[in-house]
Protein chains: 2
Amino acid sequence: MKSVPSHEPAKPTLSEVSERAGVGRSSAARVLGGYGSVSARTRERVLAAAAELGYETNELARSMNTGVTRTIGVILADLSNPFFAGVLRGIADATRRAGYGTIVISSDEDEGLEADAVRLLTAKQVDGIIVAPAGGRDASASALRSAAERGIPVVQIDRTLRGLDADAVVLDNRDAAREATDYLLAAGHRRIALAWGPALPAGADADLAALTSAALTSEITSTGERFLGYVDAFADAGVPLRPELVMTGAQNIAGVEEFLARTLTDGDVTAIIATEQDSVIAALSAARDHGRRIPQDLSLVAFDDSPWAEVHDPPITTVRQPLHALGERAAGRLLSRLEGGGDRVIVSHLASEFIDRRSVRRLR
Amino acid sequence: MKSVPSHEPAKPTLSEVSERAGVGRSSAARVLGGYGSVSARTRERVLAAAAELGYETNELARSMNTGVTRTIGVILADLSNPFFAGVLRGIADATRRAGYGTIVISSDEDEGLEADAVRLLTAKQVDGIIVAPAGGRDASASALRSAAERGIPVVQIDRTLRGLDADAVVLDNRDAAREATDYLLAAGHRRIALAWGPALPAGADADLAALTSAALTSEITSTGERFLGYVDAFADAGVPLRPELVMTGAQNIAGVEEFLARTLTDGDVTAIIATEQDSVIAALSAARDHGRRIPQDLSLVAFDDSPWAEVHDPPITTVRQPLHALGERAAGRLLSRLEGGGDRVIVSHLASEFIDRRSVRRLR
């Protein structure tokens, strides 16, 4: 038997109430939880037993039986990515101030798991859902539409799903990538590798038209927008863009290493824009493996900022995205939806900040 | 009106069923969800309407109305710490294989928020809880005991709460810290700073006895154990330990920087053991600010491993903790509890791996 410290008397349980009332546990739960139907006689006996034992029939007890609480559900594509961890902190801070709890599910960048997550959150009776979509479109867009039809508002964060007409709070990925590319072009770089680019099979015939088409239809909008910003900067500067320096193929560390092994050797690349933490790690690793010093032999601009980027030798020039503000803004949007605010779908954009450190060499 | 792609017919909603049956939405929900009481006539009309519309009265629909699903709740002290993100991946992989969903709450290292999280998960009718305690003891231990009394098994992960008699899966923090300290002592280091040590106010009279007592009673057991491993190694080597090189005070980046500013100047420190990501970042930053090159002027061993540690210049010697295995093991323990496995409380320990890179200089 479990001992209970003497300063903290044991609270009566639902089972004790039902035993004393001489009714089933589920009948007692219905009376005390305020849902379902029971006979007047049962109700009377349960309430009497609860009063005798000092059972708390408060909001909390009721919510424990019905699961109805003020709760926001959050689905993030990858919780092991510090980007999403930072966003989550912003969401939780804002929802907490408003008296809501936050429960989170990681979809691990899998569309099927994302649809499962929507259904689980719906079953758990959350009041609203914030989702950073994993990229697939049909299954999860359909599950999210279905949640919205059940009166559970949905706000998209960081990325938007084609085929889902819902509020969104996103970053200015196109502007941010244009600014990073402008900076490198102004420093005299011409052969600038982009890792990674729009999703295309490795070795696909990736000319500018194919890449642009992939960017405009890509399932994860943020990656496509970064490519478009890179294109904008080359066009503005009147410099021809070399499509073979835009990475296609598997979007992971090994994919970047393979791409850089080829372009560092054959492409005479002088600078890299790395748009994800994994591509930054791969770029640093490839530079070392190929004996290129940063910034003397190879320049680097990284998305996002990280405490490691600042203490790296040399400190890395980054695009710092406002993760906390992104989370707060999305939560604010959802909370205003829950208060019945407006019918019009709103898409908000947040600006990034360019942090000029010492990983870029001026060539002229 | 929302358009629906033609290849995906709209599923009938609960409201459409209740409209067609000519009954209230809540009556329809009770019939289709299989809970509560309604008249035989209402039940018949609702079931007929549901059949006509093709409404799915399956397990999922029922769970959406009752919130009862196969779900594990996870409470982590800090989701923005990559340590916990890695652990979570292990938990989610294991629970998913067993057909459970996982919902997560970050307590942000706050005891009150942790107790709130326990209550929210209980209200959301999770089957069991995995918790990495934030460190406080009374409120959250009491909330967790209360969950256990409601038949919701609890497994602790990474850290254990004094005052909570529940299964735990933890790391061999004491052995891991002893191994790291042994390594530095064997390389000839004697003045080895530990950042951070047991929780004591900054400037407290921190002799060995006070530190040991704080370690043995500290609320976050892992920090105390790392200090004890550090003590073990000095004792084994017969080298006198200098308590002023063990950090006390605020356990954050600023606290470490202040501690190192003092000990690098006055303490003639030749090596640092950094036991958290924040203390690693602070150590790298302090080394640069004080003009100490790693490893020529200052050696460093870091907990945990990180992809950044490997690409750092020089690559950093680390203690790699088995985060994924830690999560998997805790989930396995919880799943076996859910299947009714055993009464005895089990505490499992997992071993860490020492990764020898190039941030330690041999002094002899």
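Criteria and thresholds
- For every chain, the first residue of its written sequence is number 1, and the numbers climb from 1 along that sequence.
- Key to labels: chains lettered from A, ligands numbered from 1, both in the order written.
- Reporting of local features is limited, given that this is a predicted model, to residues whose pLDDT is at least 70; pairs of side-chain atoms are given and counted only at 80 or more, and all residues count toward the totals for whole chains, interfaces and linings.
- Segments assigned H or I by DSSP are reported as helices when at least four residues long, segments assigned E as strands when at least two residues long, and all are numbered from the N terminus.
- Throughout, the radius of gyration refers to the C-alpha atoms, and the reference size of a globule is 2.2 Å times the residue count to the power 0.38.
- Neighbour density around each residue's C-beta defines its exposure: 20 or more other C-beta atoms within 10 Å make it buried, 12 or fewer make it exposed, and counts between make it partly exposed, where C-beta atoms are placed from the backbone.
- Under this scheme, a helix contributes an axis fitted over its contacting stretch, all axes are lines through C-alpha atoms, and angles between N-to-C directions fall in the 0 to 180 degree range.
- Small angles under 35 degrees read as roughly parallel and large ones over 145 as roughly antiparallel, with 65 to 115 read as roughly perpendicular and the rest as oblique.
- Each crossing is labelled by how the near helix is turned from the far one, with a counterclockwise turn of less than a right angle marking it left-handed and a clockwise turn marking it right-handed.
- Once C-beta atoms are placed from the backbone, any two residues with those atoms within 7 Å are in contact.
- Charged means Asp, Glu, Lys or Arg here, nonpolar means Ala, Val, Leu, Ile, Met, Phe, Trp, Tyr, Cys or Pro, and polar covers whatever is left, Gly included.
- Our superposition of the copies is a least-squares fit, built on the C-alpha atoms of residues whose pLDDT is at least 70 in both.
- Where each domain begins and ends follows an automated or database-derived domain assignment.
- A helix is expected to reach a length of 1.5 Å times the quantity of its residues less one.
- Directions are taken from the helix axis to each C-beta atom, and the arc is the one they span.

## Quick notes on the overall build of chain A
Move 1: Along chain A, the regular secondary structure elements total 14 helices and eleven strands.
Move 2: What you see for chain A is a C-alpha radius of gyration of 27 Å, clearly larger than the 21 Å of a compact globule of 364 residues, by over 25%.
Move 3: Reported as C-alpha extents along the three principal axes, the dimensions of chain A are approximately 90 × 45 × 35 Å.
Move 4: The buried share of chain A, reckoned over its 364 residues, is 52%.

## Some details on the packing of helix α1 (residues 14-21) of chain B against helix α3 (residues 40-53) of chain B
Residue and element names in this part refer to chain B.
Move 1: One way to put it is that α1 packs onto α3 with a least axis distance of 8 Å and a crossing angle of 120°. By the criterion of interaxial angle, the relationship of α1 to α3 is oblique. The two elements α1 and α3 meet at a crossing, and its hand is right-handed. Counting all contacts with α1, which are made through Glu16, Val17, Arg20 and Ala21, the residues of α3 involved are Arg45, Val46, Ala49, Ala50, Glu52 and Leu53.
Move 2: Partitioned by chemical class, the residues of the contact of α1 with α3 number six nonpolar, no polar and four charged.

## Observations regarding the relation of the copies chain A and chain B
In this arrangement, two copies of a chain are superimposed by a rotation about an axis accompanied by a shift along the axis.
Move 1: Of the two same-sequence chains, chain A is brought onto chain B (RMSD 0.4 Å, axial shift 0.3 Å) by a rotation of 179°. A rotation of that kind, with that shift, is consistent with a two-fold axis.
Move 2: Of the residues that chain A buries at the interface, 95% are likewise interface residues in chain B, meaning the two copies contact each other through the same surface.

## Considerations on the domain arrangement of chain A
All names here are of chain A.
Move 1: When its domains are assigned, chain A resolves into domain 1 (14-66), domain 2 (71-171 + 323-350) and domain 3 (173-322).
Move 2: Centre-to-centre, using C-alpha coordinates, domain 2 lies 28 Å away from domain 3.
Move 3: Secondary-structure elements contributing two or more residues to the side of domain 2 that touches domain 3 are α5 (82-97) and α14 (323-338).
Move 4: Top element by residues in the side of domain 2 that touches domain 3 is α14. It accounts for four residues.
Move 5: Here the residues of the side of domain 2 that touches domain 3 are counted per class, giving seven nonpolar, five polar and three charged.

## So, the interface of chain A and chain B
Move 1: Contact residues are listed per partner, giving 44 residues for chain A and 44 residues for chain B.
Move 2: Only α4 (59-66), α5, β2 (101-106), α6 (111-123), α7 (138-149), α12 (277-289) and α13 (307-311) of chain A provide two or more residues apiece to the side of chain A that touches chain B.

## Details of the environment of A:Asp127
Residue and element names in this part refer to chain A.
Move 1: Among the structural elements, Asp127 can be located in the loop between α6 and β3 (128-131).
Move 2: For Asp127, a count of 20 C-beta atoms within 10 Å puts it in the buried group.
Move 3: Between the C-alpha atom of Asp127 and that of Val154, which follows or precedes it by 27 residues, the distance is 9.6 Å.
Move 4: In this structure Asp127 touches Arg70, Thr71, Ile72 and Leu338, once residues within four positions along its chain are discounted.

## Some details on helix α11 (residues 253-266) of chain B
All names here are of chain B.
Move 1: Helix length check: α11, at 14 residues, gives a terminal C-alpha distance of 20 Å against a target of 20 Å (1.5 Å per residue), a fit within 8%.
Move 2: The set of residues buried in α11 consists of Val256, Phe259, Leu260, Thr263 and Leu264. For α11, the buried positions fall inside an angular range of 120° around the axis, keeping them on one side. In α11, the exposed positions that point more than 90 degrees away from the buried face belong to Ala254, Thr265 and Asp266.
Move 3: In the segment just after α11, Asp268 is the residue with positive phi, at about 55°.

## Some remarks on the packing of helix α5 (residues 82-97) of chain B against helix α14 (residues 323-338) of chain B
All names here are of chain B.
Move 1: The contact between α5 and α14 brings their axes to 7 Å, and the two run at 45°. Considering the angle they form, α5 stands oblique to α14. In the crossing of α5 with α14, the sense of the turn from one axis to the other is right-handed. In this structure, α5 contributes Phe83, Gly86, Val87, Leu88, Arg89, Gly90, Ile91, Asp93, Ala94 and Thr95 to the contact, and α14 contributes Leu323, His324, Ala325, Leu326, Gly327, Glu328, Ala330, Ala331 and Gly332.
Move 2: Among the residues forming the contact of α5 with α14, the class breakdown is ten nonpolar, six polar and three charged.

## Re helix α9 (residues 208-217) of chain B
All names here are of chain B.
Move 1: Buried residues of α9: Leu211, Ala214 and Ala215, and no others. Looking down the long axis of α9, one finds its buried residues gathered within 100° of arc, a one-sided arrangement. In this structure, α9 carries Ala209 and Thr217 as exposed residues pointing more than 90 degrees from its buried face.
Move 2: Buried residues along α9 sit in contact with α10 (221-237).

## Examining the environment of B:Val170
Residue and element names in this part refer to chain B.
Move 1: Its place among the elements puts Val170 in strand β5 (residues 167-171).
Move 2: Note on Val170: 21 C-beta atoms within 10 Å, which makes it buried.
Move 3: For the pair Val170 and Arg159, spaced eleven residues apart in the sequence, the C-alpha separation amounts to 6.3 Å.
Move 4: Discounting residues that sit within four places of it in the chain, Val170 has contacts with Asp158, Thr160, Val347 and His349.

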